[in-house]
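# What the coordinates show
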Amino acid sequence: RLAVSNENKTIVISNLGNQANYGARFTGNTAQDLRAYVHWENPYYEEIPAVSLDDFIPDIQIDMVKIDIEGYEPFALQGMLNLLKKNRPIILAEFAPSNLKIFGKIEPQEFLEFFTNLDYTINLIDRQGQVIAYDRNIDQLIQDFGTYQTHHLDLIFLPILLSLGEKSESNPVW
């Protein structure tokens, strides 16, 4: 079993101790990093190896990425930056501002800027399954987040189509 991070290292995951949401995991560098956020009885903490996908699968063609790791997304995305630039996959990601701040060590706006700086558009999948295009309007999405009265939103990041043979040299903010 492997996790994805910004570098090859050992990380810690916790199951939160919550049987109602067994699939949820918090991720950090140490169990101590996570203890303040795990409030259920009998949580477990497990050290697991993590890899940078740029190192682990540098020559694999990827068309789509689905990422929902409870705020640890920035670290995983940093570890696949070259793959994202080279392959320009569609990316489905959870957007949970509070988790991004705590576990991703990043402001929600910076998380979204990572994608727009790589020439991606932002699209929201609402609770009815409708796709709402935000293009690159980060401020509007952050403003609208409060109206949804939820902990997280599901987003689709689509690469802006480039002319045949044209490459984007945008750099992310991280």
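This report concerns the structure included in the present document. What you are looking at is a predicted structure, and each value in this text was computed from that prediction instead of being measured.

### Some remarks on the nonpolar core
The biggest cluster of nonpolar side chains holds 31 residues, and the ones touching the most others in it are I91, L112 and F157. For this core, the secondary structure elements donating two or more residues are β5 (64-67), α3 (73-78), α4 (81-87), β6 (90-95), α6 (108-117), β7 (120-125), α7 (138-145) and β9 (153-159).

### Here we look at the packing of aromatic side chains
In the structure shown here, the tally under the stated rule is nine aromatic pairs. Ring centres of F115 and F157 lie 3.6 Å apart, and the angle between their planes is 10 degrees; on these two criteria the pair is classed as stacked. One end of the pair, F115, is in helix α6; the other, F157, is in strand β9, and 42 residues separate them in sequence. The pair formed by F115 and F157 is uniform in burial state, with each residue classed as buried.

### Quick word on unusual backbone geometry
One non-glycine residue, E70, adopts positive backbone phi at about 55 degrees. Its place among the elements puts E70 in the loop between β5 and α3. Here K105, not a glycine, exhibits a phi torsion of approximately 55 degrees, which is positive. Tracing the sequence through the fold places K105 in the loop between α5 (97-102) and α6.

Here is what the cut-offs are and how they apply
Residues numbered from 1 in each chain as written. Predicted model: local features only at pLDDT ≥ 70, side-chain atom pairs only at ≥ 80, totals over all residues. Heavy atoms only, no water. Core = buried A, V, L, I, M, F, W, Y, C linked by side-chain atoms within 4.5 Å. Buried < 20%, exposed > 50% of the residue type's maximum accessible area, 1.4 Å probe, protein only. Helix = DSSP H or I, 4+ residues; strand = E, 2+ residues; numbered from the N terminus. Phe/Tyr/Trp six-rings, centres within 6.5 Å; stacked < 30°, edge-to-face > 60°.

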